[in-house]
Amino acid sequence: MKMILAPSILSADFRILGEQLRETERAGAGYIHFDVMDGIFVPSISFGMPVLSSIRGTTGQTMDVHLMVTEPVRYVEEFARCGADIITVHLEACEDPGAALDRIHSCGVRAGISIKPGTAVEELIPYLDRAEMFLIMSVEPGRGGQKFIPESLERIRKLRNLLDERGIEADIEVDGGIYHSNVGEVIDAGANVLVSGSGVFNGDVEKNTADFMEILRRYE
Ligand code: DX5
Ligand code: ZN
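Residues numbered from 1 in each chain as written. Chains lettered and ligands numbered in written order. Predicted model: local features only at pLDDT ≥ 70, side-chain atom pairs only at ≥ 80, totals over all residues. Heavy atoms only, no water.

## Focus: the packing of helix 1 (residues 17-26) against helix 8 (residues 205-217)
Packing of helix 1 against helix 8 leaves a shortest axis separation of 8 Å and a crossing angle of 30 degrees. Considering their axes alone, helix 1 and helix 8 lie roughly parallel with respect to each other. Helix 1 and helix 8 meet at a crossing whose hand is right-handed. Of the residues in helix 8, those in contact with Gln20, Glu23, Thr24 and Arg26 of helix 1 are Val205, Glu206 and Thr209. Of the residues contributing to the contact of helix 1 with helix 8, the split by class is 1 nonpolar, 3 polar and 3 charged. (Axes fitted to C-alpha atoms, helices over the stretch in contact; angles between N-to-C directions. Helix = DSSP H or I, 4+ residues; strand = E, 2+ residues; numbered from the N terminus. Parallel < 35°, antiparallel > 145°, perpendicular 65-115°, else oblique. Left-handed = near helix turned anticlockwise from the far one by under 90°. Contact = heavy atoms within 4.5 Å. Nonpolar A, V, L, I, M, F, W, Y, C, P; charged D, E, K, R; others polar.)

## Details of the sheet that holds strand 3 (residues 62-68)
Here we have 8 strands laid out as an open sheet, ordered 1-8-7-6-5-4-3-2, and parallel in their pairing. The two strands at the open ends of the sheet, each matched to only one other strand, are strand 1 (4-7) and strand 2 (31-37). Between one strand and the next, the sheet's axes are offset by a mean angle of 25 degrees, whatever the strand orientation. Here strand 4 (residues 86-90) pairs with strand 5 (residues 110-115) via 5 bridges, running parallel. Across the sheet, the residue bridging to Val89 is Ile113, located in strand 5. (Pairing = 2+ DSSP bridges.)

## Looking at the side chain of Glu23
Following the sequence through the fold, Glu23 ends up in helix 1. Of the side chains with opposite charge, Arg26 comes closest to the buried, unpaired Glu23, at an N-O distance of 5.1 Å. When sequence neighbours within four positions are dropped, the list of residues in contact with Glu23 reads Asp204, Val205 and Glu206. (Buried < 20%, exposed > 50% of the residue type's maximum accessible area, 1.4 Å probe, protein only. Lys, Arg positive; Asp, Glu negative; His and termini not counted. Salt bridge = Lys/Arg side-chain N within 4 Å of Asp/Glu carboxyl O.)

## Let's talk about unusual backbone geometry
One non-glycine residue with positive phi stands out, namely Glu71, at about 45 degrees. Checked against the element boundaries, Glu71 lands in the loop between strand 3 and helix 3 (76-81). With a relative accessible area of 24%, Glu71 lands in the partly exposed category.

## A word on the site of ligand 1
Taken together, the neighbourhood of ligand 1 is formed by 19 residues, with Ser8, Asp35, Gly142, Asp175 and Ser198 sitting nearest. The separation between an oxygen atom of ligand 1 and a polar side-chain atom of Asp35 is 2.6 Å. Gly177 has a polar backbone atom sitting 2.8 Å from an oxygen atom of ligand 1. Considering ligand 1 on its own, with 380 Å² of exposed area, one finds that the protein chains cover 100% of that surface. Broken down by secondary-structure element, the contributors of at least two residues to the shell around ligand 1 are strand 2, strand 3 and strand 8 (193-196). (Near = heavy atom within 4 Å. Polar contact = N/O pair within 3.5 Å; in protein donor to acceptor, adjacent residues only side chain to side chain. Areas by Shrake-Rupley, 256 points an atom, 1.4 Å probe, with all protein chains shown as cover.)

## Re helix 1
What helix 1 keeps buried is the set Leu17, Gln20, Leu21, Glu23 and Thr24. Projected down its long axis, helix 1 carries its buried residues within an arc of 155 degrees, all on one side. Against strand 1, strand 2, helix 2 (49-55), helix 7 (198-201) and helix 8 lie the buried residues of helix 1. Trailing helix 1 by a residue or two, Gly28 shows a phi angle of about 110 degrees, which is positive. (Arc of directions from axis to C-beta.)

## Regarding the coordination of the zinc ion (ligand 2)
In ideal tetrahedral geometry, four donors around a metal make angles of 109.5 degrees, whereas ideal octahedral geometry with six donors gives angles of 90 or 180 degrees. Bound to the zinc ion (ligand 2) on the protein side are His33 (NE2), Asp35 (OD), His66 (ND1) and Asp175 (OD), at distances that span 2.0 to 2.3 Å. Geometry at the zinc ion (ligand 2) is octahedral, judged from its 6 donor atoms and the angles of 67 to 167 degrees they form at the metal. Going along the chain, you hit the donors of the zinc ion (ligand 2) in the pattern H-x1-D-x30-H-x108-D. Pair noted here: His33 is in strand 2 and Asp175 is in strand 7 (residues 171-175), with a separation of 142 residues, a long-range link. Exposure remark for Asp175: the relative accessible area of 8% places this residue in the buried category. (Donors = N, O, S within 2.8 Å, 3.2 Å for Na, K, Ca; no water. Tetrahedral: all angles 85-135°; square planar, octahedral: opposite > 155°, others 65-115°.)

Laid out in structure tokens, this is it:
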């Protein structure tokens, strides 16, 4: 399976954001992970459409938009227009998650659905054939730099089994507390899209990305 690194720009230096994106691209990161927070679904507020519009096209990377927003269906079309290639909504944030996924597809964008650490993996079962990507949060959503919750590994394994049993080859993305030191375990459990904020942007961005990519290539 193709392993993809998705640097989360929540931890980037916004004074030189374009430059940092190009560093991650040069070193092999396929996606840019774009965390949108509304101050309601999660306590904090991050950034939104104008930032996405301004960075789209800076690199050739896939724009992976993670909406930590209540009733995200309201914003799907606008994020698609601003350059999202993948839009992920939270199961817990939607009154009708299936309708949100349909809306994403109707905009010609890939759809993802995410669960917080406290939500049972089985709650994703009705959506397994309705999304291209499933995002397992390995920290409580809301901020970068938190510690990876070890129980997430079992949750990733369970989800990969549920997909395999049905012959579905979807992506499993994992987000929160991923560093060079634990990314291998996350991949071993069944994930193939790896988000990292602090692990990429704290320190030498290009080197951090290259070191991640060297590990990821061993698993392809
Ligand atoms: C958390 C966000 C993450 C965050 C990850 O709510 O969804 O994408 O940026 O950051 P690190 O890798 O620092 O845990
Ligand atoms: Zn995220």
